[in-house]
There are 2 protein chains.
Amino acid sequence: MSDSGPGHPVRRIGILGGGQLARMMALAGVPLGFHFDILDPAEDACAGAAGRLVRAGFDDADAAAELAGQVDVMTYDFENVPATTAGAAAGRVSFHPCVTALDACQDRLAEKNLLTRLGIPVPPFHAVDGRTDLLEAVDRFGYPCVLKTRRFGYDGKGQAVLRGPEDLEHAWQELGDHPLIAEAFVAFDAECSLIAVRARDGRTGFWPLSHNLHDAGMLVLSEACIAGGDLQAQAEDIGNRLIEHFDYVGVIAVEFFVTDGRLSVNEIAPRVHNSGHWTIDGAVTSQFENHLRAISGLPLGSTALDRPSVMFNWIGAMPDAGELLGLEGLHWHDYGKKARPGRKVGHATLVLPDEQQLGKQAQALAARLGGAWPDRWSRFSTARGRLAGD
Amino acid sequence: MSDSGPGHPVRRIGILGGGQLARMMALAGVPLGFHFDILDPAEDACAGAAGRLVRAGFDDADAAAELAGQVDVMTYDFENVPATTAGAAAGRVSFHPCVTALDACQDRLAEKNLLTRLGIPVPPFHAVDGRTDLLEAVDRFGYPCVLKTRRFGYDGKGQAVLRGPEDLEHAWQELGDHPLIAEAFVAFDAECSLIAVRARDGRTGFWPLSHNLHDAGMLVLSEACIAGGDLQAQAEDIGNRLIEHFDYVGVIAVEFFVTDGRLSVNEIAPRVHNSGHWTIDGAVTSQFENHLRAISGLPLGSTALDRPSVMFNWIGAMPDAGELLGLEGLHWHDYGKKARPGRKVGHATLVLPDEQQLGKQAQALAARLGGAWPDRWSRFSTARGRLAGD
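By convention here, each chain's residues receive numbers from 1 onward along its written sequence. Here the convention is simple: chains get letters from A, ligands get numbers from 1, in the order in which they are written. pLDDT decides what is reported in this predicted model: residues at 70 or higher carry local features, side-chain atom pairs at 80 or more are listed and counted, and totals for whole chains, interfaces and linings draw on all residues regardless. Each side-chain value is derived from all of the structure's non-hydrogen atoms; neither hydrogens nor water enter the calculation.

Trainee: Mind laying out the sheet that holds strand 8 (residues 180-184) of chain B, listing which residues take part and the relevant values?
Mentor: All names here are of chain B. Strand pairing follows a simple DSSP-based rule, namely that at least 2 bridges must link the two strands. Numbering of helices and strands runs from the N terminus, with a helix taken as a DSSP run of H or I at least four residues long and a strand as a DSSP run of E at least two residues long. Across the sheet, four strands lie side by side as 5-8-6-7; this open sheet has antiparallel pairing. Edge positions in the sheet fall to strand 5 (125-128) and strand 7 (159-162), since each has one partner strand and no second. Taken over all neighbouring pairs, the strand axes of this sheet differ in orientation by 20° on average, direction set aside. Of the pairings in the sheet, the one linking strand 6 (residues 145-149) to strand 8 comprises five bridges and is antiparallel in character. Bridge pairing in strand 8 links L147 to A182. In what follows, a contact means two residues having at least one pair of non-hydrogen atoms within 4.5 Å. Here, axes are lines fitted to C-alpha atoms. For helices the fit covers the stretch in contact, and angles between N-to-C directions go from 0 to 180 degrees. Helix-sheet contacts for helix 7 (residues 168-175) involve strand 5, strand 6, strand 7 and strand 8, and the interaxial angle to strand 7 is about 170°.

Shown next as structure tokens:
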């Protein structure tokens, strides 16, 4: 908030983590009058484009506490903030989403145990603390099943699909040093996610479900999805239970598998989420703006869909903006990050007045991009058909 | 542009002036991958929220030239950049809009002479270099008429309305030290403006006309306006003539009086414009994004209206965001500037799916703001009626 009026009391917002999520948060927050102080170990952290960078390691609890002392509210842009760092900041200033939610989402086993306690459907899982547990899990689930590290996994990292006994040894070599969890393989019809927000005053907002496609563990396509059946209602019921449990403030993302018209939770992220990026261009209020409104005590904006939207994730390197920006309805988001294989460096959202036009334009974009894109688009369209039929 | 792909060649953009126009330009440009270097004498220039500030006076041609040497293209956010400064920058790097356009718009007399030469209607005007000229002008136009400084006027500054012979002496005392221009008083039906853009490749784009209301010389309300009759066509014809004359690149704004269904030009601004701020939330592509696309050689985005939009200008101090952000369809733009009487410190745009809803919501907002707002809204609505009838 500027000095130009009575306004709301929050002016400075601290963010732990200076990646693209913090960058888009700051871009949404500057017009609200906020100043951003962003803690990140990297000198060139991309959120620095719209905030002041404070260079410190994420394990530097003192630096986090010092920053907390300079801001009115603190948040984070990734869920692997060490507990001591989050705790040090939360001890000094209003910290959202709460440390309890952050903790719960850092360990896949704790997360799944919590979901189960809350009566929220999750695929069958099995704690793996040694080879015996792994054999038990395989015995219980059969092949294929999935072995994952409990902590620090993202974008498909720290995971192995076990397709048969021959994969066991290799997976164990790769992951066996960490606490693990085995999960039954879900032959889902589609993947989707709910982006939800809760304000300080307890009001909630839910964007229309995102329909998502992952490729090699990374999100590649997301769209605002008016799902058939009662999927939206199922998702909002689950979202509400989580929000109430945590007395949550801010944006939360819940990723689902859809099987035979039923949702089960894959994972929770206590933050703004890649599958909600289409809300910048396609919703009345973006997930980033509403996250900031929520944590700063402002009223929430509408989470309604403005126009049908599809997001393409740019992974590894940016495509040529000069080639693509001429496409009608294309909105560009370059994160200002150096190219690197497997790194999320940007996205684009296609927004058009009607679904049919949008589908055609997205197909044309996929064709133009070439490579894996036409196949991804085709799989995505097929899954959308299954989702709409539910 | 980031280092993450082939992309477009422009990466760093220099801006002369770090006010709210530069701030909104930078906020629109960061997602396109641009970095901004912004020259301004003020330590706390509000564009610093999304770019690197270079502190220097606008008359410091050396600083401008040095900055020009560090960027790929240069632009400005106000038209009173001294010619020597603009020239120094333009001598080193691609500079848009061109210095010729900047020059032409710095002097009201030169501007009106040019418009006349181009066959573009302007209200009658008379150069005033001494008392004799002033008496001639009054004799020619009668009362009321308007006396303005030729240079450095903005937001109604440097102007006096002469309502009768008794105003002559006071106006002369106030303005007589400067080169002046007298203009016939235009009893207009409505005020509107055209925001136009031309890309490097010569392609042009025109947003729907903005319908505007000024109060005490300052813009207070603006709306995307689907004008009746051929007003849009008249405006685009005028815009095209100017764009062609200057071989213009970037966004240009032309302010009009509307009288009996005919346009005459009040003034030109060779830059993004306050009356185009509704395009951030209400058009497919904003004036800020298209200005950057134009000057950096990227394809233009669509200038189509996305949703009916009305902009409220916040002058002097920001209203309370906590009070107003709950209004459906309200988008907030706090410029991060200190409160000061007569200073533009922010704006809000109401965007709703249909005209009728929007009108009701805008009226409700005006009522809630109180003060001069209900009367402004009423005058604005009346003028809109006249505009639609044309």
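Having seen the structure, we can now continue with the description.
Trainee: Please give an account of the sheet that holds strand 6 (residues 145-149) of chain A that cites residues and values.
Mentor: Residue and element names in this part refer to chain A. Ordered by their spatial adjacency, four strands build an open sheet running 5-8-6-7, and the pairing between neighbours is antiparallel. For this open sheet the edge positions go to strand 5 (125-128) and strand 7 (159-162), each flanked by a neighbour on one side alone. Going from strand to strand, the sheet's axes swing by 20° on average, the running direction of each strand aside. Where strand 6 lies against strand 7, four bridges are found, and the strand directions are antiparallel. Opposite L147, over in strand 7, you have A160 as the bridge partner. Contacts between helix 6 (residues 131-141) and the sheet are confined to strand 5, strand 6, strand 7 and strand 8 (180-184), with strand 5 contributing the most and set at about 165° to the helix. Helix 7 (residues 168-175) contacts strand 5, strand 6, strand 7 and strand 8 of the sheet and is inclined by roughly 170° relative to strand 7.

Trainee: Mind laying out empty space enclosed by the protein, listing which residues take part and the relevant values?
Mentor: Here the term cavity refers to a set of points on a 1 Å grid, laid over the protein atoms alone, in which a 1.4 Å probe fits but cannot get out; the term pocket refers to an open set having protein on both sides within 12 Å along at least five of seven lines, with lining residues being those that place an atom within 4 Å of a point. Grid points are joined across faces, edges and corners, and a volume is the space filled by probe spheres set on the points. Per the stated rule, a full pass over the model turns up two cavities of 30 Å³ or more. Looking at the largest cavity, its volume works out to about 110 Å³. Along the lines of polarity and charge, the residues of the lining of the largest cavity split into three nonpolar, three polar and five charged. By volume, the second largest cavity amounts to about 50 Å³. The wall of the second largest cavity is formed by L325, L327, G329, L330 and H331 of chain A together with V284, T285, R293, G301 and S302 of chain B. Three residue categories are used. Nonpolar comprises Ala, Val, Leu, Ile, Met, Phe, Trp, Tyr, Cys and Pro, charged comprises Asp, Glu, Lys and Arg, and polar comprises the others, including Gly. In terms of residue class, the lining of the second largest cavity is built from four nonpolar, five polar and one charged.

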